[in-house]
Amino acid sequence: MTYTNAKTIYDKVGAEAVLTEQSDLRQYLTGFGSTFGYVLSDKNGSVFYTDRRYIEGATAALEGSDIAVKIFEGTIEKLLKPYKQVAVPLSRTYYNDWKRLADTGIKICDSEPAFIEAMSIKQPYELASIKKACEITDKAFECLLSKIREGMTENELAAELEYLMRSFGASGTSFPTIVGFGENSSVPHHETGLRKLKFGDIILIDYGCKVGGYCSDCTRTFLFGDDKKHQRFKTAYAHVLKAHMLVKERLTDGMTGRQADAIARDYLKANELDKFFSHSLGHGIGVNIHEFPRLSTKSEDVLRNNMVFSDEPGVYFEGDFGIRIEDTVTLIDGKAVSLTDSDKNLIIL
């Protein structure tokens, strides 16, 4: 029998039963993606309750595992009637759902800390999926460069990149692909649109894909031709790249997210660029594109071996241009190791 993460979470929580409805947490427990279902775990094991859309796929995916698969019939109240205590992820539970449980007289406790702890340290199979997603991310970007042409829109470039990632084996994107041409690169989370590419434009692409339910995340900034008007951009790019690489050189196991952020931020401050660094250094990556730990100015989250997170310093000059250089990284033997690794030196097409 194959033991899943459902047993791990149940053992960590220590409640009479653990009920999980949220799609990302269900995927973590079962390894199976669906838009509906409940995982219920107790001392006798775990059951994935779903509807007829997923019963065949879930049964095949979980065959030989410690999770049984059943059709969900009736109500949650009926399902939980045998229990006096049930754990749910409280901050992820809507008030109306919580109240339905509370009104039955069940004692409700929080399963979320157990999920955060377990999901932050990646198991070998999780790292393998993330590494594969990162390999596809790199390969797609390298192939994309030869397909970029003057006059194409941001949407067209995003579509081409997403096609390449899927053609190389991704199940989908980690998040909506961000493509910003020229002045649009100054918006950190620009909404990709119909702006057409011109000679001399800066191009910023923030992208990632999923493999086995796990995400990659990468950002590259480069030039579409050199019109000799980008000295300020080139100088800033060199500093952002240096900040990015310093994080990889200096980050260690046991450091806090605040300390990691300071590596990049202090360097940019020494070069009078910190006021243009308008977001945090990074975030955890896994089943979700944003997970624990946080690498920010106020984060006391402790970075540990086998965590996966982003290293993404950036600077943004409103209405002019932006630069972000991002890799998915992990900690191995106390040191940062890059999982995305396409060329970060300034590319000029």
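Residue positions are given per chain, counting from 1 as you read along its sequence in written order. Local features in this predicted model are restricted to residues of pLDDT 70 or higher, and side-chain atom pairs are both shown and tallied only at a pLDDT of 80 or more, whereas totals for entire chains, interfaces and linings draw on every residue. For the side-chain quantities, the full set of heavy atoms in the structure was used; hydrogens and water were omitted.

Visitor: Looking at this structure, how should I read the overall build of the protein?
Guide: Counting its secondary structure elements, the protein contains ten helices and 19 strands. The globule rule puts the C-alpha radius of gyration for 349 residues at 20 Å, and the 22 Å found for the protein is close to it. C-alpha atoms of the protein, sized along the principal axes, occupy 75 × 40 × 35 Å. When contacts within the protein are restricted to residue pairs at least 6 apart in sequence, those whose partners lie at least 24 apart make up 62%. Carbon and sulfur atoms provide 50% of the accessible area of the protein, an area that totals close to 15900 Å². Secondary structure is summarised from DSSP: a helix means a run of H or I of at least four residues, a strand means a run of E of at least two, and numbering begins at the N terminus for each. Every radius of gyration here is taken over C-alpha atoms, with the globule rule written as 2.2 Å times N^0.38, N being the number of residues. By the convention used here, residues are in contact when the closest approach between their heavy atoms is within 4.5 Å. Accessible surface is estimated by sampling points in the Shrake-Rupley manner with a 1.4 Å probe; for residues, cover comes only from the protein chains shown.

Visitor: Honestly, helix H1 (residues 5–13) in this entry has me stumped. Any pointers?
Guide: Helical geometry: 3.6 residues make up each α-helical turn, so side chains three or four residues apart lie on a common side. Restricting attention to buried positions, one finds in H1 the residues Asn5, Ala6, Ile9 and Tyr10. Within H1, the buried residues cover an arc of 140° as seen down the axis, which keeps them to one side. Taken from the residues just after H1, Gly14 is the one with a positive phi, measuring 80°. Partly exposed describes any residue whose relative accessible area lies between the buried limit of under 20% and the exposed limit of over 50%, with all areas from a 1.4 Å probe on protein chains only and scaled to the type maximum. Within this analysis, the arc is defined by the directions that extend from the helix axis to the C-beta atoms.

Visitor: How should a nonpolar patch on the surface be read in this particular structure?
Guide: By definition, no residue in a patch forms a salt bridge, and every one has over 30% relative accessible area; like charges are joined within 9 Å, nonpolar side chains (Val, Leu, Ile, Met, Phe, Trp, Tyr) within 5 Å. What counts as a salt bridge is simple: a side-chain nitrogen of Lys or Arg found within 4 Å of a carboxyl oxygen of Asp or Glu. A cluster of nonpolar side chains, contributed by Leu90, Tyr95 and Trp98, occupies part of the molecular surface with about 300 Å² of accessible area. Following the sequence through the fold, Leu90 ends up in the loop between strand E5 (85–88) and helix H5 (95–102).

Visitor: How should I be thinking about the sheet that holds strand E7 (residues 172–173) in this particular structure?
Guide: Through backbone hydrogen bonds, the strands of a sheet pair up, either in parallel or in antiparallel fashion. Strand order in the open sheet made by the three strands is E7-E10-E11, with antiparallel pairing throughout. Looking at which strands have only one partner, the edges of the open sheet turn out to be E7 and strand E11 (214–215). Strand pairing is defined by DSSP finding a minimum of two bridges between the two strands. Both strand E10 (residues 209–211) and E11 contribute to a ladder of two bridges, which runs antiparallel. Directly across from Val211, in E11, lies its bridge partner Tyr214.

Visitor: Would you mind going over the environment of Ser65 with me for this structure?
Guide: Within the secondary structure layout, Ser65 lies in the loop between helix H3 (55–61) and strand E4 (67–71). Assessed through its relative accessible area of 15%, Ser65 is described here as buried. Between the C-alpha atom of Ser65 and that of Met1, which follows or precedes it by 64 residues, the distance is 5.3 Å. Beyond its immediate sequence surroundings of up to four residues, Ser65 is in contact with Met1, Thr2 and Thr4.

Visitor: Please clarify how the sheet that holds strand E9 (residues 201–207) should be interpreted in this entry.
Guide: An order of E8-E9-E12 is seen for the three strands of this open sheet, with the pairing classed as antiparallel. Since the sheet does not close on itself, it has two edges, and those belong to strand E8 (178–181) and strand E12 (218–224), each with one partner. On average, each strand axis in the sheet is inclined to that of its neighbour by 10°, with strand direction left out of account. Relative to E9, E8 runs antiparallel, the two sharing four bridges. Between N-to-C directions, angles span 0 to 180 degrees; the directions come from axes that are lines fitted to C-alpha atoms, helices contributing only their stretch in contact.

Visitor: Explain the nonpolar core here, please?
Guide: Soluble globular proteins tend to bury their nonpolar side chains together. By convention a nonpolar core is built from buried Ala, Val, Leu, Ile, Met, Phe, Trp, Tyr and Cys residues, the set being connected through side-chain atoms within 4.5 Å. Core analysis: the largest hydrophobic core is formed by 32 residues, its most contacted members being Ile9, Tyr28, Leu29, Phe48 and Phe115. Contributions of two or more residues to this core are made by H1, helix H2 (23–30), helix H6 (112–120), helix H7 (124–144) and E11. It is H6 that provides the largest number of residues to this core, a total of four residues. Ignoring sequence-local partners within four residues, the contact set of Tyr28 consists of Asn5, Ile9, Phe115, Ala118, Met119, Gln123, Tyr125, Glu126, Tyr214 and Val287. Grouped together as the second largest cluster of nonpolar side chains are 30 residues, Met255, Ala264, Leu303 and Val315 included.

Visitor: I would appreciate a short explanation of the packing of aromatic side chains in the present structure.
Guide: For any pair of aromatic rings, the description consists of the separation of the ring centres together with the inter-plane angle of the planes. Two aromatic rings, drawn from Phe, Tyr or Trp (for Trp, its six-membered ring), form a pair once their centres lie within 6.5 Å of each other, and the interplanar angle then sorts them: stacked below 30 degrees, edge-to-face above 60, tilted otherwise. As enumerated under the stated definition, the model contains 14 aromatic pairs in all. Measuring from centroid to centroid gives 5.7 Å for Phe36 and Tyr38, while their planes differ by 85°, and the two rings are edge-to-face. For Phe36, a relative accessible area of 23% translates into the label partly exposed. On the numbers, 5.7 Å between centres and 75° between planes, the contact of Phe141 with Phe222 is edge-to-face. Of this pair, Phe141 sits in helix H7 while Phe222 sits in strand E12, placing them 81 residues apart in sequence. Put simply, the rings of Phe233, Tyr237, Phe276, Phe317 and Phe321 touch in pairs and so form one group of aromatic residues. Look at NZ for Lys and CZ for Arg. If either is within 6 Å of the ring centre and within 35 degrees of the ring normal, a charge sits over the ring. Across the ring face of Phe277, the terminal group of Arg265 is positioned such that the distance to the ring centre comes to 4.0 Å.

Visitor: Teacher, can you tell me more about the state of the cysteines here?
Guide: Such a bond, covalent and formed between the sulfur atoms of two cysteines, is termed a disulfide. Cysteine sulfur atoms that come within 2.5 Å of each other are treated as a disulfide pair. Throughout the structure, instances matching the rule amount to zero disulfides. Take Cys134: it sits in no disulfide, and the sulfur closest to it among the cysteines is that of Cys209, at 7.6 Å.

Visitor: Before we go on, may I ask you to explain the pattern of salt bridges in this structure?
Guide: Where charged atoms from two side chains of opposite charge approach closely, those side chains can pair. Inspection of the entire model under this criterion finds 21 salt bridges. Residue Arg53 is joined to Asp51 by a salt bridge in which the shortest nitrogen-to-oxygen separation is 2.8 Å. Relative accessible area serves as the criterion here: at 57%, Arg53 is assigned to the exposed category. Close ionic contact of Arg324 with Glu312 constitutes a salt bridge, the shortest N to O distance being 3.8 Å. Here the residue Arg324 occupies a position in strand E17 (residues 321–324), and Glu312 occupies one in the loop between strand E15 (308–311) and strand E16 (314–317), the gap between them amounting to twelve residues. Each of Arg220, Lys248, Asp327, Asp341 and Lys344 takes part in a single network of salt bridges with overlapping partners.

Visitor: It is not clear to me how the pairing of E16 should be interpreted in this structure. Could you clarify?
Guide: Note on strand geometry: in a regular strand, side chains alternate between the two faces of the sheet. Judged by which residues are buried, E16 turns out to be covered on both faces: Gly314 and Tyr316 on one side and Val315 and Phe317 on the other are all buried. Relative to E17, E16 runs antiparallel, the two being bridged by four bridges. From the neighbouring strand, Gly314 faces E17, where its bridge partner is Arg324. Two successive antiparallel strands, E16 and E17, enclose a turn made up of three residues, where Gly319 displays a positive phi of approximately 75°.

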